[in-house]
Amino acid sequence: MFTDINIINIKSFTCFLLSSLTVLFLFFILPLVTCPSWGQVVQKKQLTPVDYHLWGEVHLDKISPDEKWASYNLSYENGRDTLFVRNVISNKTFAFAKGYNSTFTDDGFFICQNDEDLQILNLRSVKKQNISAVAQYSYSAHSGHLILLMGAGPKENTLIIGNLKDKVIKEIKDVTQFSLSPGGQQLVYSSSVNKVNTLSIINLNEINKTNWILLDQGNQFKGITWQKDGRSMAFLTSSSDLLINQLFYYKLEGGKLFKFDSLSHSNFPPESIICYDDFYKLVISDDAKKVFFYIKNKGATSKVRPDSDVEIWNANDKLIYTEQKRNGDFKTIPKITMWQPDLGAFNLISSEKLPYFQISRDFKYAILSNPTDYEPQFDYEGPRDYYIMNLSTLEKKLFLEKQSSTDGEIIFSAAGKYIACFREKNWWIYDIYSDSLKNITANIDVKFISKERTLAPESVCGSPGWSIDDKEILIYDQYDLWSVSPKGTSAKRLTRGRESNIRFRIADYSNNSVTSTIFHGLDSRSFDLEKNIFLHATGQHEKTGFFKWNNKTGEIPIVYGNSFVDELKYNSEERNFYFREQKFDQSPVLIAKQLTSEAKPFFKSNPQQQNYFWGRSELIEFENSKGRKLKGALFYPAGYDSKKKYPMIVSIYEIESDQLHIYDNPSLYNENGFNISIFTTNGYFVLLPDVTLEEQNPGLSATDC
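Note that this is a predicted model, so its numbers are computed, not measured. (Residues numbered from 1 in each chain as written. Predicted model: local features only at pLDDT ≥ 70, side-chain atom pairs only at ≥ 80, totals over all residues. Heavy atoms only, no water.)

Q: Just to check I follow, could you spell out the overall build of the chain for this structure?
A: Scanning the chain for helices and strands turns up 4 helices and 54 strands. Since a compact globule built from 705 residues should have a radius of gyration of about 27 Å, the 29 Å found for the chain is in line with a globular shape. The buried share of the chain, taken over its 705 residues, is 49%. Considering only contacts in the chain between residues 6 or more positions apart, those separated by 24 or more positions represent 45%. Summed over all atoms, the accessible surface of the chain reaches about 35,900 Å², with 49% contributed by carbon and sulfur. Measuring between centres, the 79 positive side-chain charges of the chain sit 4 Å from its 84 negative side-chain charges. (Helix = DSSP H or I, 4+ residues; strand = E, 2+ residues; numbered from the N terminus. Rg over C-alpha atoms; globule rule 2.2 N^0.38 Å. Buried < 20%, exposed > 50% of the residue type's maximum accessible area, 1.4 Å probe, protein only. Contact = heavy atoms within 4.5 Å. Areas by Shrake-Rupley, 256 points an atom, 1.4 Å probe, with all protein chains shown as cover. Lys, Arg positive; Asp, Glu negative; His and termini not counted. Charge placed at Lys NZ, Arg CZ, Asp CG, Glu CD.)

As structure tokens, then:
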């Protein structure tokens, strides 16, 4: 164990023993904490492929309500995957092999699953409990109930309702599935006895009272979907041949059940069936009055399905051959329909002519379009005409012609009053109720386009959402966040990034992304400008970090410096912030920090790196023939000696200097066959120079750079 360690001036066995114990302490303890002295006692060696399996990738998972504990995942290329829970103050740590689906509870427990078991950790007594053969679990923060569906053993298919103090309150046999409402108050489950399937509901505040929703002979239940507030739910039934034949809608208030039968409904298209999977899901409107679902033709096949290995490419086709083969034609793709249970109304919304569908956040209007309107053409995403449909009257009309279909260039407002679109290098607002279109940024002396997309010289900087009740749309320029009234009468720059060359963007928060989709469009978020907003920042020399913004103080840094920082997490109290930080020569570190205090690292990944020679990165600057200033990320060979010459590998692909601080785990499993750490540890320089592409002149402009 000690052959690679120089122990000097050992005068007695006692001194040797103490030194040995010190090394043992360093070997076993220091991987748990950050300590620069690790590399001082270990003789560095050359990295070889047999060592690559030692490297793992770490990601933050959850933060406990009391902010004392954090969970994080470590995964390795050989398939090992472990979920850890660590006290960020004491560094006390627990490991859960193959753990996933984790929950911190308000009363001090941590719960997670693995392939076979449910693991429960009491964070106060630090006692572990293991429950075997759990197929599914949920925890109700509302009532404190733990709900388990057993997957094997003597209690197979038994639904157990209990609490975290190891007390079973209720057991229900022959259960096939369950679903907990968004607020955690209602529990719906299906059971099957003698081929009779039953769907039932329990209010967890009255746990001994069970109500039947539906008793069905033979059909199976699937697709249980809740309205966002838990006021209602929808579900499907399928026959023994797995074909979906009925859709049901249940209102909790009054316990009223509605049924839609595709076989008997007069408006249901002939030769069509209801379809449902992870992509084609049920959606319930926020007002609980509409249910949206998909239908498709029975046995419909793509017209480009090959009968032989011959491919016929026709330059006059609307879509190229590979796209037709992948997506089929618009006759075959599922169509979106709307059912209004209270009215008994059913309508087809999308169609072969207008197959693409976006919906307003209040579910009152829809946007319909056809991506082939102006095909064939040379843009990656061509323009199209957009129609607006009133979902109450089903009337539709053309409101935008030849509008770009690039993601984020046409979006509904958060409250559903407006549609924002980017055209002619400006933001325009379409007022749904007044049927008017207005340019709202024409008088703002700043561009709202910059280098945003791959293989595009400039494109729209984007919009993260709206303020409360659609009072302002939030939009980005190259650096800053703006709020602009939908009438164009006022505009305010909220951040001051341009002055310091810092690019501010609203950060993903906890386990939620700023961008999400609903049907074929972006789902707009709403931001309260009277509360804190958290921003991700990217600055000069590839600095990154997070800032807290409010309308009184502006932006205040949480963390910002010469490293790559991501995965911000925080609780509703916003006292402590947790994030991941890395550099090319510093494996990702997990950090806890208060706004005005020093950062506290609580886990450093891949401590074995300090045993090996490693490279470093540096930002360089250069110019093309037109005098345009450009950047590049230069990575030095491990053990670099300035007196030697080294070979250099250059990767050329647009803007790559932003990789300066990215830690690259050495691995032979690389999608693009390019691993900077492997090259540098084998004695190569690696250069990632930025390339500025000119429109319609990519090859020559790249060569010039």
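Q: Even after reading the chapter, I still don't get the packing of aromatic side chains, so can you show me in this structure?
A: Pairs of aromatic rings are described using the distance from one ring centre to the other and the angle between the two planes. Per the stated rule, a full pass over the model turns up 41 aromatic pairs. Aromatic side chains Phe 96 and Phe 110 sit 5.6 Å apart centroid to centroid with 40 degrees between the ring planes, which places their arrangement in the tilted category. With Phe 96 in strand β4 (residues 93-97) and Phe 110 in strand β6 (residues 109-113), this residue pair connects regions lying 14 residues apart in the sequence. Considering the side-chain rings of Phe 504 and Phe 547, the 5.1 Å spacing of their centres and the 85 degrees angle between planes classify their relative orientation as edge-to-face. Highlighted residues: Phe 504 in strand β40 (residues 503-506) and Phe 547 in strand β45 (residues 544-550), separated in sequence by 43 residues. We note that Phe 504, like Phe 547, is buried. (Phe/Tyr/Trp six-rings, centres within 6.5 Å; stacked < 30°, edge-to-face > 60°.)

Q: How should I be thinking about the environment of Thr 210 in this particular structure?
A: Note on placement: Thr 210 falls in strand β16 (residues 210-217). Here Thr 210 falls in the partly exposed class, since its relative accessible area comes to 32%. Once the C-alpha coordinates of Thr 210 and Ala 592 are considered, the two residues, 382 residues apart in sequence, prove to be 45 Å apart. In contact with Thr 210, not counting residues within four places along its chain, are Lys 170, Tyr 189, Ser 200, Ile 201 and Ile 202.

Q: In this structure, what is going on with the pattern of salt bridges? I would like to understand it.
A: Side chains that differ in sign of charge can pair as their charged atoms come close. The final tally for this structure, using the stated rule, is 23 salt bridges. Residues Arg 575 and Glu 67 are paired through a salt bridge, measuring 3.3 Å at the closest nitrogen-oxygen approach. With Arg 575 in the loop between β47 (564-569) and β48 (576-583) and Glu 67 in the loop between β1 (56-63) and β2 (69-76), this residue pair connects regions lying 508 residues apart in the sequence. Assessed through its relative accessible area of 44%, Arg 575 is described here as partly exposed. Arg 503 is the partner of Glu 452 in a salt bridge, and the nearest nitrogen-oxygen pair spans 2.9 Å. With a gap of 51 residues between them, Glu 452 in the loop between β34 (449-450) and β35 (459-460) and Arg 503 in strand β40 connect regions that are remote in the sequence. A residue is classified by how much of its surface remains accessible, and Glu 452, at 25% relative accessible area, is partly exposed. What you see here is one network of salt bridges that share partners, running through Lys 228, Asp 286 and Arg 361. (Salt bridge = Lys/Arg side-chain N within 4 Å of Asp/Glu carboxyl O.)

Q: I would appreciate a short explanation of the nonpolar core in the present structure.
A: Generally speaking, a soluble globular protein has its nonpolar side chains buried in company with each other. Ranked by internal contacts, the top residues of the largest apolar core, which has 18 residues, are Trp 427, Phe 448 and Ile 473. Among the secondary structure elements, those contributing two or more residues to this core are β31 (418-423), β32 (426-431), β37 (473-476) and β38 (481-484). (Core = buried A, V, L, I, M, F, W, Y, C linked by side-chain atoms within 4.5 Å.)

Q: Looking at this structure, I do not really get unusual backbone geometry. What am I missing?
A: Most peptide bonds take the trans form, and the phi angle of most residues other than glycine is negative. For the peptide bond that leads from Glu 375 to Pro 376, omega is -5 degrees, which places it in the cis range. A positive phi is found at Lys 195, a non-glycine position, where the angle reads about 65 degrees. Owing to a relative accessible area of 70%, Lys 195 belongs among the exposed residues under this scheme. Despite not being glycine, Ala 288 has its phi angle at roughly 65 degrees, a positive value.

Q: Help me understand the environment of Asp 508, please; the structure alone is not making it clear to me.
A: Looking at where Asp 508 falls in the secondary structure, it is placed in the loop between β40 and β41 (517-518). We classify Asp 508 as partly exposed; its relative accessible area is 42%. A C-alpha to C-alpha distance of 38 Å links Asp 508 and Thr 158, two positions 350 residues apart in sequence.

Q: Any chance you could explain the pairing of strand β9 (residues 134-139) here in plain terms?
A: Along a regular strand, successive side chains alternate from one face of the sheet to the other. The pairing of β9 with strand β10 (residues 146-150) spans 5 bridges and is classified as antiparallel. Bridge assignment links Tyr 137 to a residue of β10, and that residue is Leu 148. Between β9 and the antiparallel strand that follows it, β10, lie 6 residues; Gly 144 among them carries a positive phi value of about 80 degrees. (Pairing = 2+ DSSP bridges.)

Q: Just checking my understanding: could you explain the sheet that holds β10 for this structure?
A: Strand pairing in a sheet takes place through backbone hydrogen bonds and is either antiparallel or parallel in direction. Strand order in the open sheet formed by 4 strands is β9-β10-β11-β12, with antiparallel pairing between adjacent strands. Only two strands of the sheet have a single partner each, and these edge strands are β9 and β12 (167-172). With direction set aside, neighbouring strand axes in the sheet form an average angle of 20 degrees. Alignment of strand β11 (residues 159-163) against β12, held across 5 bridges, turns out to be antiparallel. (Axes fitted to C-alpha atoms, helices over the stretch in contact; angles between N-to-C directions.)

Q: Looking at this structure, I do not really get the side chain of Asp 117. What am I missing?
A: Mapped onto the fold, Asp 117 is located in strand β7 (residues 117-122). In this structure the side chain of Asp 117 is engaged in a polar contact, spanning 3.4 Å, whose partner is the backbone nitrogen of Ala 133. (Polar contact = N/O pair within 3.5 Å; in protein donor to acceptor, adjacent residues only side chain to side chain.)

Q: What is the right way to look at the sheet that holds strand β43 (residues 525-527) in this model?
A: In space, the 5 strands of this open sheet follow the order β39-β38-β37-β36-β43, with mixed pairing throughout. Single-partner strands in this sheet number two, and they are β39 (491-493) and β43. Along the sheet, successive strands turn relative to each other by an average axial angle of 35 degrees, direction set aside.

That is the geometry; function is a separate question.
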